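Commentary on secondary and tertiary structure
In case you want the letters, here they are:
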Amino acid sequence: MPTETERCIESLLAVFQRYAGRDGDDCKLSKREFLAFMNTELAAFTKNQDPGVVDRMMKKLDLNSDGQLDFQEFLNLIGGIAVACHNSLVLNTQSR
């Protein structure tokens, strides 16, 4: 039986694969696939943002400038969000 951490990794892989490949390369997210991912999986984050925010995120995450996000680049986003959530949790805990 997988551990909680192993299940989290499996979930990340499954989510990436659900969106990658709609436009061709199943190992990368195109700009359109990334937008679909953000608007579905992280809708609370994108809901009140200006339309250009996803484009700017894509450019910042696309370290090799190929116009797509590979799994490593995708994990940089997930890791960044996780760190921000952790920092917020720590701040909230310390202010009590």
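Residues numbered from 1 in each chain as written. Predicted model: local features only at pLDDT ≥ 70, side-chain atom pairs only at ≥ 80, totals over all residues. Heavy atoms only, no water.

1. Overview of the side chain of Glu73
Our working rule: Helical segments are the DSSP runs of H or I of at least four residues, strand segments are the runs of E of at least two, and each set is numbered from the N terminus. Between buried and exposed lies partly exposed: a residue is buried under 20% and exposed over 50% of the maximum accessible area for its type, with that area taken using a 1.4 Å probe on protein chains only. In this tally, Asp and Glu contribute negative charge and Lys and Arg positive charge; neither His nor the terminal groups of the chain are included. A side-chain nitrogen of Lys or Arg and a carboxyl oxygen of Asp or Glu constitute a salt bridge if their distance falls within 4 Å. Any two residues whose heavy atoms approach within 4.5 Å are treated as being in contact.
If you trace the backbone, Glu73 turns up in helix H5 (residues 71–94). No salt bridge forms around the buried Glu73; measuring N to O, its nearest opposite-charge neighbour Lys28 is 6.5 Å away. Sequence-distant contacts of Glu73, defined by excluding residues within four places in its chain, comprise Leu61, Asp62, Leu63, Asn64 and Gln68.

2. Re the packing of aromatic side chains
We count it as follows: Pairing of aromatic rings covers Phe, Tyr and Trp, the last counted by its six-membered ring, and requires centre-to-centre distances within 6.5 Å; plane angles under 30 degrees mean stacked, over 60 mean edge-to-face, and any other angle means tilted.
All told, the structure shown has six aromatic pairs when counted by the stated rule. Aromatic pair Phe37 and Phe74: ring centres 5.2 Å apart, planes at 70 degrees, arrangement edge-to-face. Of this pair, Phe37 sits in helix H2 (residues 31–41) while Phe74 is found in helix H5, placing the two residues 37 residues apart along the sequence. For the pair formed by Phe37 and Phe74, the shared burial category is buried.

3. Section: the packing of helix H1 (residues 4–19) against H5
Helix-helix packing is characterised by the crossing angle of the two axes and by the distance between the axes. Heads up, the rule is: Orientation is described by axes fitted as lines to C-alpha atoms, over the contacting stretch for helices, and by angles from 0 to 180 degrees between their N-to-C directions. Note that the term roughly parallel is reserved for angles under 35 degrees, roughly antiparallel for angles over 145, roughly perpendicular for angles of 65 to 115, and oblique for everything else. Handedness of a helix crossing follows the sense of rotation of the near helix relative to the far helix, less than a right angle counterclockwise being left-handed and clockwise being right-handed. Under this grouping Gly is polar, as are all residues other than the nonpolar Ala, Val, Leu, Ile, Met, Phe, Trp, Tyr, Cys and Pro and the charged Asp, Glu, Lys and Arg.
Remark: H1 packs on H5, axes separated minimally by 11 Å, with the N-to-C direction vectors making an angle of 120 degrees. The pairing of H1 with H5 is recorded here as oblique in orientation. Classified by chirality, the crossing of H5 by H1 is right-handed. Here Leu12, Leu13 and Phe16 of H1 come into contact with H5, specifically with Phe71, Phe74, Leu75 and Ile78. Taken together, the residues that form the contact of H1 with H5 break down as seven nonpolar, no polar and no charged.

4. Re the nonpolar core
Convention followed: Throughout, nonpolar core names a set of buried Ala, Val, Leu, Ile, Met, Phe, Trp, Tyr and Cys residues whose side chains join them through atoms within 4.5 Å.
In terms of nonpolar packing, the biggest core is built from 16 residues, with Leu29, Phe34, Phe37, Met38, Leu69 and Leu77 touching the most fellow members. Elements that contribute at least two residues to this core include exactly H1, H2, helix H4 (52–61) and H5. Broken down by element, the residue count for this core peaks at five residues, all from H4. Non-local contacts of Leu29, meaning those with residues more than four positions away in its chain, are made with Phe16, Tyr19, Ala20, Phe34, Met58, Gln68, Leu69 and Phe74.

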